[in-house]
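For reference, the chains in residue letters:
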Amino acid sequence: MKDLNKIAAQFAIEGQACAIKPLGEGFINDTYLIFTDGKDSPSYILQRKNHLVFPDVPAMMDNIRRVTEFIKTKVSDPLRETLTVIPAKDGKLYYKDEDGCFWAVCLFIRDSRSYDRADTPELAYQGGLGLGVFHKLVSDFKEPLFETIKGFHNIRWRFSQWDEALRRNAAGRVGSLGEEIGWIESRRERMLAFWEKFEKGEIPTRVTHNDTKISNFLFDAKDGSLLCAIDLDTMMSSTMLNDTGDALRSYTNTGAEDDRDLGKVGMSMEMFKAYMKGYLSVMKDELTPVEKENLAFSGLYITYEQVLRFLMDYIDGDTYYKTKYPEHNLVRTHAQYKLLTSMEEQFDEMNAFIASL
Ligand code: ADP
Ligand code: GN1
Ligand code: MG
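Thresholds, definitions, all that
Residues numbered from 1 in each chain as written. Chains lettered and ligands numbered in written order. Predicted model: local features only at pLDDT ≥ 70, side-chain atom pairs only at ≥ 80, totals over all residues. Heavy atoms only, no water. Pairing = 2+ DSSP bridges. Helix = DSSP H or I, 4+ residues; strand = E, 2+ residues; numbered from the N terminus. Salt bridge = Lys/Arg side-chain N within 4 Å of Asp/Glu carboxyl O. Buried < 20%, exposed > 50% of the residue type's maximum accessible area, 1.4 Å probe, protein only. Donors = N, O, S within 2.8 Å, 3.2 Å for Na, K, Ca; no water. Near = heavy atom within 4 Å. Areas by Shrake-Rupley, 256 points an atom, 1.4 Å probe, with all protein chains shown as cover. Polar contact = N/O pair within 3.5 Å; in protein donor to acceptor, adjacent residues only side chain to side chain. Phe/Tyr/Trp six-rings, centres within 6.5 Å; stacked < 30°, edge-to-face > 60°. Lys NZ or Arg CZ within 6 Å of the ring centre and 35° of its normal.

Draft legend 1. Here's a closer look at the sheet that holds strand 7 (residues 112-113). Pairing is antiparallel in the open sheet, where three strands are placed in the order 7-9-10. This sheet does not close on itself; its edge strands, each paired only once, are strand 7 and strand 10 (226-229). When strand 7 meets strand 9 (residues 217-220), the two strands line up antiparallel, connected through two bridges. What sits directly across from R113, in strand 9, is F219.

Draft legend 2. Expanded view of the pattern of salt bridges. The final tally for this structure, using the stated rule, is 31 salt bridges. Of the charged contacts in the structure, one is a salt bridge between K92 and D90, with a shortest N-O distance of 3.6 Å. Judged by relative accessible area, D90 falls into the exposed class, the value being 54%. The closest approach of N and O atoms between R117 and D119, which form a salt bridge, is 3.1 Å. Overall, the relative accessible area of 55% leaves D119 in the exposed class. Several salt bridges converge on common partners, so that one network encompasses D62, R65, R66, E69 and E143.

Draft legend 3. Examining the pairing of strand 2 (residues 30-36) more closely. For strand 2, the buried fraction is high: seven of the seven residues fall into the buried class. Of the two faces of strand 2, both are covered, the one formed by D30, Y32, I34 and T36 as well as the one formed by T31, L33 and F35. Relative to strand 2, strand 1 (residues 17-23) runs antiparallel, the two being bridged by six bridges. Residue K21 lies in a different strand from strand 2, and its bridge partner there is L33. Pairing between strand 2 and strand 3 (residues 44-49): five bridges, direction antiparallel. By the bridge assignment, I34 is partnered in strand 3 with Y44.

Draft legend 4. Spatial organisation of the coordination of the magnesium ion (ligand 3). Distances from the magnesium ion (ligand 3) to its protein donors, namely N216 (OD1) and D231 (OD), fall within the range 2.1 to 2.2 Å. Placement of the pair is N216 in the loop between strand 8 (206-208) and strand 9 and D231 in the loop between strand 10 and strand 11 (236-238), with a sequence separation of 15 residues. Here N216 falls in the buried class, since its relative accessible area comes to 4%.

Draft legend 5. Fine view of the site of ligand 2. Contacts to ligand 2 come from 17 residues, most closely from K213, E257, Q306, R309 and Y320. Taking 440 Å² as the accessible area of ligand 2 by itself, protein coverage stands at 96%.

Draft legend 6. How the structure looks around unusual backbone geometry. Backbone geometry at N169 places phi at a positive 45°, although glycine is not the residue there. Topologically, N169 is positioned in the loop between helix 4 (155-168) and helix 5 (178-185). The partly exposed category is assigned to N169, whose relative accessible area is 27%. In this model, N210 sits at a positive phi of 80°, which is unusual for a non-glycine residue. Mapped onto the elements of the fold, N210 is located in the loop between strand 8 and strand 9.

Draft legend 7. Broad picture of the site of ligand 1. Around ligand 1, 18 residues are found, and the nearest of them are I109, S114, S215, N216 and D231. At a separation of 3.4 Å, an oxygen atom of ligand 1 approaches a polar side-chain atom of T31. With respect to ligand 1, the backbone of I109 contributes an N or O atom lying 2.8 Å from a nitrogen atom. With the chains in place, 88% of the 550 Å² that ligand 1 exposes on its own is no longer accessible.

Draft legend 8. Representation of the pairing of strand 6 (residues 102-107) within the structure. For strand 6, the buried fraction is high: five of the six residues fall into the buried class. Here strand 3 pairs with strand 6 via six bridges, running antiparallel. Following the sheet pairing, R48 is matched in strand 6 by W103. Where strand 4 (residues 85-86) and strand 6 come together, two bridges link them in antiparallel fashion.

Draft legend 9. Region of interest: the packing of aromatic side chains. One pass over the full model with this rule turns up 16 aromatic pairs. Ring centres of Y32 and W103 lie 6.3 Å apart, and the angle between their planes is 35°; on these two criteria the pair is classed as tilted. Taken together, the residues span a long stretch of sequence, with Y32 in strand 2 and W103 in strand 6 at a distance of 71 residues. On the basis of relative accessibility, which here comes to 15%, the residue Y32 falls in the buried class. Among the aromatic side chains, those forming a connected cluster through ring pairs are F194, W195, F198, F297, Y301 and F347. In this arrangement the basic side chain of K150 is found over the ring face of W157, its NZ or CZ atom lying 4.2 Å from the centre. Sitting above the plane of the F27 ring, K213 keeps its charged end 4.4 Å from the centroid.

Structure representation (structure tokens):
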């Protein structure tokens with residue numbers, strides 16, 4: 001068990017940390033709240049950054065510092081409209097403990113809240129607005145960003161990992177997964193054809209977030225209005241379609257990401273419309289025609305990729321995502337596949353709605 005107080009003491013925080021409590025259900029990092037000086041609400045967020053997933057935490061933290069400092073020059077409330085990285089006392093943006101684990105601290109954004117699912121079109125609209133505002137704020141950030149995870153949403157790269165995972169068959173599960181593997185293989189060409197548009201430059205490169213599920217945006221605790229994008233670890237240069245895609249995967253799902261009850265899972269057209277209205281209210285004039293044409297497909301693309309990633313982790317023996325029970329990654333695979341087929345069924349309607357905006 002780590003001595004979290006000792007770790008918190010490495011950072012340039014104001015006051016005395018009095019309690020440190022675990023928070024959230026992230027699949028990759030471990031997140032804690034730091035309370036200081038007997039206050040009721042937390043003052044800071046402490047995170048152990050998973051350095052197996054993020055091989056260069058210092059470079060990742062530098063991405064976050066540069067982009068958040070850039071955003072701060074543009075917004076009216078710099079402490080609530082983006083993250084504030086708190087450096088360690090030695091000036092580094094992280095602390096590396098004696099076991100080689102990396103830690104980072106940021107300011108807890110006061111009077112904020114996050115959601116795990118979108119139950120109302122208003123929230124989906126605010127979420128779309130949130131991504132639009134984020135993309136707009138960083139649209140003129142021109143410095144190169146470090147690639148924190150190689151090929152993160154590059155399906156060509158994912159297929160090379162996938163082919164290798166099937167060959168390795170590390171957990172001996174491939175034989176029992178014929179149907180699920182078929183789901184991936186039958187769509188391989190279609191997904192590669194989309195990614196090729198990005199590779200050829202038909203789809204432009206922008207600063208993107210890459211992990212835009214609903215819990216990675218903060219909203220005002222009182223009036224529910226949008227505050228900012230958080231969880232900026234995966235910020236890199238890629239296509240904005242990764243972000244609309246991952247957001248659609250999350251905001252439009254009527255069930256949970258890992259629902260065992262597939263009857264609950266599907267894409268809500270109402271949430272799709274609300275999300276897209278919010279996003280395009282900010283980004284309509286910024287996007288190229290090819291980006292607009294692919295907005296609906298972006299949801300299929302990232303949901304497909306997520307099916308592949310959960311299934312690949314199951315095949316690998318559950319080494320990447322945190323799981324709560326032995327079949328968890330397979331349950332996630334099935335639930336995300338159900339969502340994918342629901343999106344496929346509604347694809348024409350999605351496109352027609354976007355064209356109408
Ligand atoms: P993970 O990598 O585990 O997903 P996140 O950075 O997304 O970690 O944080 C998990 C949750 O903690 C968020 O969904 C949000 O509720 C809360 N949170 C994270 N950072 C902040 C912050 N700076 N201010 C307020 N709440 C935060
Ligand atoms: C992970 O860290 P978290 O829980 O926000 C993952 C995302 C997946 C998501 C699935 C770095 O996000 O790519 O979409 O789980 N993050 C990383 O819920 O792999
Ligand atoms: Mg998160």
